[in-house]
Amino acid sequence: DQQVKQNSPSLSVQEGRISILNCDYTNSMFDYFLWYKKYPAEGPTFLISISSIKDKNEDGRFTVFLNKSAKHLSLHIVPSQPGDSAVYFCAAGGTTSGTYKYIFGTGTRLKVLA
Amino acid sequence: EAGVAQSPRYKIIEKRQSVAFWCNPISGHATLYWYQQILGQGPKLLIQFQNNGVVDDSQLPKDRFSAERLKGVDSTLKIQPAKLEDSAVYLCASSPGPTTDTQYFGPGTRLTVL
């Protein structure tokens, strides 16, 4: 039972255009969401977060949108750059059995074409 | 500020052998996590420490995996005996606290079990 899903394993975008990465979750108890970027042979690097009390958070070229009713969040990268090519993971956080933990999606590999 | 350190970066062993991984979290971070990331999947939480106490080890295969965090700083994760399906990247992460705080990841240890 996968609670956090990233249904697109890969995405290719032209440099300068918008990249949209999607993430769906099933459990309404999740109240905080993170996006990570991962380059090969490196650990995931934190990118941006959003609390369930908000529907948008922006940081430079990166914006995360949260639609609680649809249990859906998306990461927008504008404009996309070749250096953005990486695997992107979303993570949903909530309390289960008295412990706060994050559940990660399977990742989307973004390729930005020059 | 130094990041999360892990060693070794790579390890190749034969099945039924033992292996140990080491992690040094960001200074001052009370919460430490060990994740297992199998190829093509997102990170899966194995164990979470708050200072030197375990707060969640529900997904740790306790018949072969063990972990400790002596003195609430460094941590070691051990596998004994290893199985082929243990081949994965083992990621250590730390955060200031146990709730919505962002988790910061180390570079990971890639384990190959032959």
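Residues numbered from 1 in each chain as written. Chains lettered and ligands numbered in written order. Predicted model: local features only at pLDDT ≥ 70, side-chain atom pairs only at ≥ 80, totals over all residues. Heavy atoms only, no water.

(A) Molecular detail of the nonpolar core. Residues A:F33, A:W35, A:L73, A:L75 and A:Y88 are the most contacted members of the largest nonpolar core, which totals 23 residues. Mapped by element, the contributors of at least two residues to this core are β3 (19-25), β4 (32-38), β5 (45-51), β7 (62-67), β8 (72-77), β9 (86-96) and β11 (108-113) of chain A. With four residues, β9(A) is the largest single contributor of residues to this core. Core analysis: the second largest hydrophobic core is formed by 21 residues, B:V4, B:F49, B:L60 and B:A88 among them. (Core = buried A, V, L, I, M, F, W, Y, C linked by side-chain atoms within 4.5 Å. Buried < 20%, exposed > 50% of the residue type's maximum accessible area, 1.4 Å probe, protein only. Helix = DSSP H or I, 4+ residues; strand = E, 2+ residues; numbered from the N terminus.)

(B) Representation of the pattern of salt bridges within the structure. Applying the stated criterion to the full structure yields four salt bridges over all chains. With a shortest N-O distance of 3.7 Å, B:D57 and B:K62 are connected by a salt bridge. (Salt bridge = Lys/Arg side-chain N within 4 Å of Asp/Glu carboxyl O.)

(C) Representation of the packing of aromatic side chains within the structure. Residues and elements named next belong to chain B. A complete count under the given rule lists 12 aromatic pairs over all chains for this structure. Between the aromatic rings of F65 and Y90, the centroid separation amounts to 6.4 Å while the plane-to-plane angle is 40°, which identifies the pairing as tilted. Residue F65 is located in strand β7 (residues 65-68), and its partner Y90 is located in strand β9 (residues 88-95); the two are separated by 25 residues in the primary sequence. For the pair F65 and Y90, one class covers both residues: buried. (Phe/Tyr/Trp six-rings, centres within 6.5 Å; stacked < 30°, edge-to-face > 60°.)

Nothing here speaks to function; it is all geometry.
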